[in-house]
Amino acid sequence: MRQERQSRLLGWGLFLPAAIFLAGFTYYPMLSTLFDSFFTTGQAHRPSVFAGLDQYQDMVDDPIFWQALRNNALFALGTIPTSIGLALLMAIWVNGKIRGRSLLRMAYFTPTVLPMIAAANIWIFFYAPQIGPVAHVLGLFGYGQMNYLGSSETALACITVVAIWKEAGFFMIFYLAALQNMPPNLADAALIEGASRTYYFRRVTFPLLLPTTLFILINAVVNAFRMIDHIIVMTKGGPDNATMLLLYYIYQTGFTYWDSNYAAAMSVVLLLLLAVAALGQFLFIDRRAHYQ
Amino acid sequence: MTAPPRYASQNWLETIAAWVLGILWLLPLLYAFWASVHSAGDATRFDLAAPLTFDNFRHVWAAAPFPRYFLNTFLLVSLIIVVQFTLSTLAGYAFARFRFPGRDLAFVLVLLQLMIMPDVLIVENYQTLAHMGLIDTILAIGMPYFGSAFGIFLMRQTFKSMPKELDDAARVEGAGPLQILWRVYIPLAKPTYLAYGLVSVSYHWNNFLWPLIATNSVTSRPLTVGLQIFSSGDQGIDWSIITAATLLSVGPLLIAFMLFQRQFVQSFLRAGIR
Amino acid sequence: MRFTEAKAAMRWRGAAAAIGLIMGAAGLATPAGAVEISFYYPVAVNGPLTQLIESMTADFEKANPDITVKPVYAGNYGETLTKSLTANRSGQPPQVAVLVASDMYTLLDEDAIIAVDDLAKTPEQKTWLGGFFPAFMQNGKDGGKTYGIPFQRSTQLLYWNKDAFKKAGLDPEKPPANWDELVADGKKLTQKDAAGNVSQWGLIIPSGVTSHWLYQGLATPNGAKLMNDQGTETYLATPEAIEALQFEGDLSHKYGIMPSGVLDTGTTPNDFISGRAAMLYHSTGNLTNIRTNAKFDFGVALLPAKKHRGSPTGGGSLYIFKHSSPEQLAATMKFVVWMTSAEQAARWSIGTGYVAPRPDAWETQAMKDYAKSFPPALVAKDQLQYSVAEFSTHNGSRTTKALEDAIESVVTGNSTAEVALKKAQTEATRLLRPYQH
């Protein structure tokens, strides 16, 4: 009994230091934000008043909010499966005996190391009409004259590509670590039984990678809503709100319009959305993941 | 471990595909090398005969107190890594191996933090740190990141994947839970720490907005803030200068990564051999 | 437990030592008894501006040994505003900052700034206050009081590529003076290559970030007044405003002399320098950049007229923050007066390419020499008589966004100017309703 109580105390004790910082710099500000969302933003000549759910009603009536949500959904659909798939592919390649392995590893990871400010500016050049490489390549197919970042039809696709480029290498590292951690006897056993490569992957590797996949999937979902650095530099939500994403709209509302309480209301909604999405996955997959 | 030959990719089609992808991924960096050694006019054309110049680097170096910024960034990133590793390891261990009341709820709350972007909480965090009198210090930049849900989640997953037999074996030898952590789990998790370190260093080396708001003086500002000067608005984008500034600031990171690659591989290999 | 505790303790001690060292170094600067003021400034143009600011503040400190100025580089205009207001909300604002002239209403609504008239106590200060170009004062006044002091201001210019003009058979010394000439010249200058792709465009008017400012370069010559002087009403859907925006869209979709879609403000100077476009609407702030990098002969002119000449003003002004001690306010006032005195204004203008905001700055020897060696610098000054305020209202970022969304929808071809601007006007009216009193 005492052992158990000690164990429980120890558990909390180990968690406590991290918990303190999380509480101070995330939970407390977030609660304060939630509280603020029920009031109008105070200004010099119009003090803040209690507004109940009015801010939330304004959100429902706000066409830009809905467009941001729609764009974010498309952005997520574009980035999540692609970057995870590429990451897995990259990890498998780099884990094997491919020639130039270490150079490839560096190449795939480079986007993570470059600061987004610089990378985004370089991508602006890549997408620049007529003079950029994209224009040159697509020109061979007859699409050379388009204004890629400046047309509402193509802008979202362009920034999705940039996001995938930035993310895939980041996820690859975790797959790589997991692959390296796999016990060798499994491969030997499969070899003896004459299993093919795809069979081995499907029945052995992939299931064992589930904890890592879960981790990556949750991060990918969250990142699909968190990545706005490239939008800040490249399109600022335009053209005509074609690349307006929810977090960017929140940021703009809070720090450009200084309507912090409306931003707070939207933050709460974003948080709830992510909570449902990420936790849902967690609860679903965590039960199935094979832990030793 | 590297997969045994039968299951390792070797055919040439895959090699080519992997290489094409690699080159595509490297293109922006390659462009950075090109643009930084050409003048502003030549940077956007690919004339191989255009003259090379190091003026951009000279200009960038002269415009900001780089050595100080480097020192600040180095101190900042080291501080964050050390604290994050410590706190995440302890907390991850707690979630992976201990039962305590409220554990699942606490973990859900931790996951929640993953979704809260610190950038949205800038004003509140600034106020907290102002109350503590810490504005304009390196500590102020790092503090909001010390509690890392990403790290806790990562360590929890890693520790959970470790065979329970190791625990039992160590316990038989009389080790207490903390000794098990120190002697068994942490060494085995080395590849994960490397991955986490890599990712955290990159993020914080390149973080911009919060450090800008939280600091005022050269004595505490990191590289990104110092280099923002080159992303000027009114005059249009000068790719030569921006790429020169970028290379100067991530140069050490890239070099370290290149050197560390060997460590990376060796530690991965060592961890796999049982 | 012991290991981890000891390690943690060591780390905390180490961190505390590092902090102490750093704070100590920072604290050495202020001599005893001096008033210290902090000055947030953005950098929006290339050049060794940090050094220039630091040498100017050092000179000020020499002349005023009882005042210490701490200049803090704060990013671009948007970031400087964010930093200033975040600090203000925490009760520790800077004493003075350079912010976009049209930010005034935002600052007033945040209760952040103080009227300069209230601080102008001596006769010299009062005279100084009246010595700026009226065009530059327009964005800085509210309710009869002055809040923004012009510091790094600009107007919009037409840049034209003389070599391209010659090649197209146009007189290289004669830029288009009105919209009809603009279109006619543009058509001659737009050239296609063998495959039918455009190799050189006649004109580029940026429509990315700050598209409202470039749009004003068309609206103002057409006689459209976009907002009232109190910043409480907008007039975005008047026939003149609609005609101007429709013209901007027509330049691509009807006359074919401008690329369609949103044209990023950041890449457009490069488009002009590389010869991709023969004419460009842009800020005087770009003069030095284009002069340094263009390998061809170019000219700058007043914006082409429609009903008359016209241009918006732009750039940044100095704002004095309210919540400082009386000593700090007095010291800040001295600093602001000094930084915008004739010699300093000339010095700043020559070093950055911004337009010196006072007539007496243009009379200094340094400025006269500079203008003689580089006549295009005078063009911006000549346009001041036709210049109006930049679009600015309460809740300004939002009303500006409504206008910019309209502009973007027209240049991308998604909407006509009439539909777009009517929508923008409805939105702006809704946003400004709380400010009608």
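Here's a quick rundown of the structure. Quick caveat: nothing in here was measured; it's all calculated off a predicted structure.

Re the overall build of chain A
Link 1 in the chain: The helix and strand inventory of chain A stands at 13 helices and zero strands.
Link 2 in the chain: Counting helices and strands in the order they occur from the N terminus, chain A gives α-α-α-α-α-α-α-α-α-α-α-α-α.
Link 3 in the chain: By residue count, 60% of the 292 residues in chain A fall in the buried class.
Link 4 in the chain: In chain A, once contacts between residues fewer than 6 apart in sequence are set aside, the share between residues at least 24 apart is 67%.

Looking at the overall build of chain B
Link 1 in the chain: A tally of helices and strands in chain B yields 14 helices and zero strands.
Link 2 in the chain: When the helices and strands of chain B are listed from N to C terminus, the series reads α-α-α-α-α-α-α-α-α-α-α-α-α-α.
Link 3 in the chain: Burial analysis of chain B (274 residues in total) assigns 66% to the buried set.
Link 4 in the chain: In chain B, once contacts between residues fewer than 6 apart in sequence are set aside, the share between residues at least 24 apart is 72%.
Link 5 in the chain: Surface accessibility of chain B: about 10,600 Å² in total, with carbon and sulfur atoms responsible for 69%.

Description of the side chain of glutamate 79 of chain C
Link 1 in the chain: Residue position: glutamate 79 of chain C is located in helix H3 (residues 77-89).
Link 2 in the chain: Buried and unpaired, glutamate 79 of chain C has lysine 236 of chain A as its nearest opposite-charge partner, separated by 7.8 Å.
Link 3 in the chain: In contact with glutamate 79 of chain C, other than residues within four places in its own chain, are Phe208, Leu212 and Gln228 of chain B together with Ala74 of chain C.

What about the environment of leucine 176 of chain A?
Residues and elements named next belong to chain A.
Link 1 in the chain: Here leucine 176 lies in helix H7 (residues 155-180).
Link 2 in the chain: By relative accessible area, which is 1% here, leucine 176 ends up buried.
Link 3 in the chain: Considering only alpha carbons, one finds leucine 176 and valine 113, 63 residues apart in sequence, at a separation of 17 Å.

Looking at the packing of aromatic side chains
Link 1 in the chain: This structure, assessed with the given rule, holds 53 aromatic pairs over all chains.
Link 2 in the chain: Between the aromatic rings of tyrosine 93 of chain B and phenylalanine 98 of chain B, the centroid separation amounts to 5.4 Å while the plane-to-plane angle is 80°, which identifies the pairing as edge-to-face.
Link 3 in the chain: Its relative accessible area of 2% is what places tyrosine 93 of chain B among the buried residues.
Link 4 in the chain: The interplanar angle of 70° and the centroid separation of 5.1 Å between the aromatic rings of phenylalanine 60 of chain C and phenylalanine 335 of chain C together place this pair among those described as edge-to-face. With phenylalanine 60 of chain C in helix H2 (residues 49-63) and phenylalanine 335 of chain C in helix H14 (residues 326-339), the pair connects residues that are 275 residues apart, well separated along the chain.
Link 5 in the chain: Among the residues examined, phenylalanine 60 of chain C registers a relative accessible area of 1% and is labelled buried.
Link 6 in the chain: One residue, lysine 83 of chain C, lies across the ring of tyrosine 40 of chain C, its end atom 5.3 Å from the ring centre.
Link 7 in the chain: Here the guanidinium or amino end of arginine 358 of chain C rests over the ring plane of phenylalanine 132 of chain C, the centre of that ring lying 4.6 Å away.

Examining helix H2 (residues 54-61) of chain A
Each full turn of the α-helix corresponds to 3.6 residues, which orients residues three or four apart in the same direction.
Link 1 in the chain: Where H2 of chain A is concerned, the buried positions are Gln55, Tyr56 and Met59 of chain A. The arc enclosing the buried residues of H2 of chain A, seen along the axis, measures out at 100°, which places them on a common side.

Considerations on the interface of chain B and chain A
Link 1 in the chain: Contact with chain B, which involves 107 residues of that partner, is made by 98 residues of chain A.
Link 2 in the chain: Here chain B packs against chain A, burying approximately 9,500 Å² in sum over the two surfaces, 74% of which is carbon and sulfur.
Link 3 in the chain: Our count for the contact surface shared by chain B and chain A stands at zero salt bridges.
Link 4 in the chain: Along the contact surface separating chain B from chain A lie nine residue pairs in polar contact (both at pLDDT 80 or more).
Link 5 in the chain: Classifying every residue of the side of chain B that touches chain A by side-chain character gives 75 nonpolar, 23 polar and nine charged.

Structural notes on the pattern of salt bridges
A pair can form between side chains of opposite charge whenever their charged atoms are brought close.
Residue and element names in this part refer to chain C.
Link 1 in the chain: Applying the stated criterion across every chain, the model contains 21 salt bridges over all chains.
Link 2 in the chain: Here aspartate 59 ties to arginine 347 by a salt bridge, and the two come within 2.9 Å at their closest N and O atoms. Placement of the pair is aspartate 59 in helix H2 and arginine 347 in helix H15 (residues 342-352), with a sequence separation of 288 residues.
Link 3 in the chain: Judged by relative accessible area, aspartate 59 falls into the partly exposed class, the value being 28%.
Link 4 in the chain: Residue classification places arginine 347 among the partly exposed residues on the basis of a relative accessible area of 27%.
Link 5 in the chain: Glutamate 418 is the partner of lysine 422 in a salt bridge, and the nearest nitrogen-oxygen pair spans 2.8 Å. Of the two residues, lysine 422 and glutamate 418 are both situated in helix H20 (residues 417-432); the distance of four residues between them amounts to about one turn of the helix.

Focus on the nonpolar core
Link 1 in the chain: Of all hydrophobic cores here, the largest spans 265 residues; its most connected members are Tyr108 of chain A, Phe159 of chain B together with Phe39 of chain C.
Link 2 in the chain: Looking at this core, the element that brings in the most residues is H7 of chain A, giving 17 residues.
Link 3 in the chain: If we ignore the near neighbours within four places in the chain, the residues touching tyrosine 108 of chain A are Met90, Trp93, Val94, Gly169 and Met172 of chain A together with Ala18, Leu21, Gly22 and Trp25 of chain B.
Link 4 in the chain: Counting residues in each nonpolar core, the second largest holds 79 residues, with Ala135, Trp160, Ala278 and Ala417 of chain C among its members.

Digging into helix H10 (residues 177-188) of chain B
Residues and elements named next belong to chain B.
Link 1 in the chain: The end-to-end C-alpha separation of H10 is 15 Å, in line with the 16 Å expected for 12 residues at 1.5 Å each.
Link 2 in the chain: Where H10 is concerned, the buried positions are Leu178, Ile180, Leu181, Val184 and Tyr185. Down the axis, H10 shows its buried residues gathered within 160° of arc, on one side only.

Points about the pairing of strand E11 (residues 311-320) of chain C
All names here are of chain C.
Link 1 in the chain: For E11, the buried fraction is high: 10 of the 10 residues fall into the buried class.
Link 2 in the chain: Pairing of strand E3 (residues 96-100) with E11 involves five bridges; the strand directions are antiparallel. Among the inter-strand pairings, valine 100 is bridged to a residue of E11, identified as glycine 316.
Link 3 in the chain: Where E11 meets strand E12 (residues 387-388), two bridges bridge the pair, whose relative direction is parallel. If you follow proline 312 over to E12, its bridge partner there is valine 388.

Cut-off values and rules
- Residues numbered from 1 in each chain as written.
- Chains lettered and ligands numbered in written order.
- Predicted model: local features only at pLDDT ≥ 70, side-chain atom pairs only at ≥ 80, totals over all residues.
- Heavy atoms only, no water.
- Helix = DSSP H or I, 4+ residues; strand = E, 2+ residues; numbered from the N terminus.
- Buried < 20%, exposed > 50% of the residue type's maximum accessible area, 1.4 Å probe, protein only.
- Contact = heavy atoms within 4.5 Å.
- Areas by Shrake-Rupley, 256 points an atom, 1.4 Å probe, with all protein chains shown as cover.
- Lys, Arg positive; Asp, Glu negative; His and termini not counted.
- Salt bridge = Lys/Arg side-chain N within 4 Å of Asp/Glu carboxyl O.
- Phe/Tyr/Trp six-rings, centres within 6.5 Å; stacked < 30°, edge-to-face > 60°.
- Lys NZ or Arg CZ within 6 Å of the ring centre and 35° of its normal.
- Arc of directions from axis to C-beta.
- Buried area = accessible area lost by both parts, 1.4 Å probe.
- Polar contact = N/O pair within 3.5 Å; in protein donor to acceptor, adjacent residues only side chain to side chain.
- Nonpolar A, V, L, I, M, F, W, Y, C, P; charged D, E, K, R; others polar.
- Core = buried A, V, L, I, M, F, W, Y, C linked by side-chain atoms within 4.5 Å.
- Expected span 1.5 Å × (residues − 1).
- Pairing = 2+ DSSP bridges.

All we've got here are geometric facts, nothing functional implied.
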